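Given next are the chains, with one letter for each unit.
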Amino acid sequence: MYIKRILDLSNRISLQSQFLFGARQTGKSSYLLHQIKNSIKLNIDLLDSRKRMRYTKDPALLSDEVRALDGDEGIVVIDEIQLVPDLLNEIHNIIETTGFRFILTGSSARRLKNAHVNMLGGRAGKCIFHPLVWPEIKDIDFSLEHIFKTGLLPAIYLSKESDKLLSSYWSTYLVDEVCSEGYVRNLLPFSNFVEMAALSSGEIINYSNIASDLGRSKNTIREWYSILSDMLIGYELPVYGNGRKRKAIDKSKYYFFDVGVLRSILGMPVPNENMSEFGKFFEHYIAHELISYIDYKGDEEKRCNLYYWRTTTGLEVDFIYLPQVAIEVKSCRQINEKKDLKGLRALMDESVCTEYIVVCREEYKRKTEDGIYIYPYKQFLEELWDGKIIEL
């Protein structure tokens, strides 16, 4: 079964070539096969070892093959471009001299960054391909329990063997990406780091504590976090520090990209609403929807407007999208207005945003006397993807 994806790459590719980055198994190849197929004139999969060796030995073969295509325009797809980065020089020349546009997929941008290769200098946009999102799954066996069990990688979400697939996902990633690419010298300490990073996912990054526990330097821990980010396994959320009345801390948070992968790394059962982890997973899921919406509907620069807020006295708001909206996430079925709205009310006093929202599991949308909207999470997701929460 193929789940139709909401990303509209056809509009972006009509303007310029595109890098399409996404973690393993997010469904990049299936998306191109099902939703872009009719526009593709040449499709090259560099995971095919024979093709990879062929282009590694002679990148200029790509130009020869494009010249042999009918016409002077169309779409050329190259899967896993990071495996033969020298092809980017040929692609640059083809873009400059023909009407062909490229979709260049990859599961990691790290090799491209480290090789200091030609990134096409503004001739290609960049899009992140995420796991499944609300508009794609709301009518397909949707429930929080399902999401927390399987995560949102398409093949695993649809599988009856999700636990088995999730257990092999990260071990495969470690071997194929981290080890084979030489990102770290010793795999065991990095694997231990991943477990610690997963344990603290959604929380403030404490480089000193993790470094101390693992017997590594803070710089090493920073580098390992950057490896996770380059592999699109997680993302850093910066703190908003420009409040006028209250001093904010200066540390970022870090979120893993998928709750199923997160749960598997932690080796924990599916959380239910009586477990403290339920709130953590609920917040991760909302974070995933926010990030995905901003990336799909906006561009790289738009994500730079997303923050969280925490003061030195402990007042906190989970997400701020400047200057439009502040969002607090609570997994409870009934909001305690005295206790649960403290962070939002403090932020309102800073006059940072124009709208303030709580996302929770209440049944109906309502508004407090001081103007805070209480949203049932499904209605929030519907309005988010309709462009009513954040306008991009």
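Details of the structure are given in the entry above.
As the structure is a prediction and not an experimental result, all values here were calculated from the model.

What counts and how
- Each chain has its residues counted from 1, following the order in which its sequence is written.
- With pLDDT at 70 or above as the cut-off, local features in this predicted model cover only qualifying residues; side-chain atom pairs require 80 or more to be listed or tallied, and sums for whole chains, interfaces and linings still use all residues.
- Hydrogens and water are ignored here; the side-chain numbers use all heavy atoms of the structure.
- Each Phe, Tyr or Trp ring, with Trp reduced to its six-membered ring, pairs with another whose centre is within 6.5 Å; inter-plane angles below 30 degrees give stacked pairs, above 60 give edge-to-face pairs, and intermediate values give tilted ones.
- The helix count covers DSSP runs of H or I at least four residues long, the strand count covers runs of E at least two residues long, and both are numbered beginning at the N terminus.
- For every residue, the accessible area (1.4 Å probe, protein chains only) is compared with the maximum for its type, and the residue is labelled buried under 20%, exposed over 50%, or partly exposed between those bounds.
- Paired strands, as defined in this entry, are two strands with at least two bridges between them according to DSSP.
- We call a crossover right-handed when, viewed with both strands directed away from the observer, the connection leading from the first strand over the helix to the second proceeds clockwise.

## Focus: the packing of aromatic side chains
Then comes step 1: Evaluated as defined, the whole model comprises 24 aromatic pairs.
Then comes step 2: Summarising the aromatic geometry, the rings of tyrosine 207 and tyrosine 225 are spaced 5.8 Å apart at their centres and angled 85 degrees between planes, so their arrangement reads as edge-to-face. Placement of tyrosine 207 in helix α12 (residues 207-214) and of tyrosine 225 in helix α13 (residues 218-230) is noted, with a sequence separation of 18 residues between them.
Then comes step 3: A relative accessible area of 14% means that tyrosine 207 is categorised as buried.
Then comes step 4: With a relative accessible area of 3%, tyrosine 225 lands in the buried category.
Then comes step 5: Taking 5.9 Å as the distance between ring centres and 70 degrees as the angle between the ring planes, the aromatic pair formed by tyrosine 240 and tyrosine 307 counts as edge-to-face.

## Topic: the pairing of strand β3 (residues 73-79)
Then comes step 1: By the criterion of burial, β3 is predominantly enclosed, with five of the seven residues buried.
Then comes step 2: Where strand β2 (residues 40-45) and β3 come together, five bridges link them in parallel fashion. Its bridge partner lying in β3, isoleucine 40 is registered against isoleucine 75.
Then comes step 3: Direction of pairing for β3 relative to strand β4 (residues 99-106): parallel, over a ladder of six bridges. Each residue of the ladder has a partner; that of glycine 74, found in β4, is phenylalanine 100.
Then comes step 4: With helix α5 (residues 87-97) bridging β3 and its parallel neighbour β4, the resulting β-α-β unit is right-handed.

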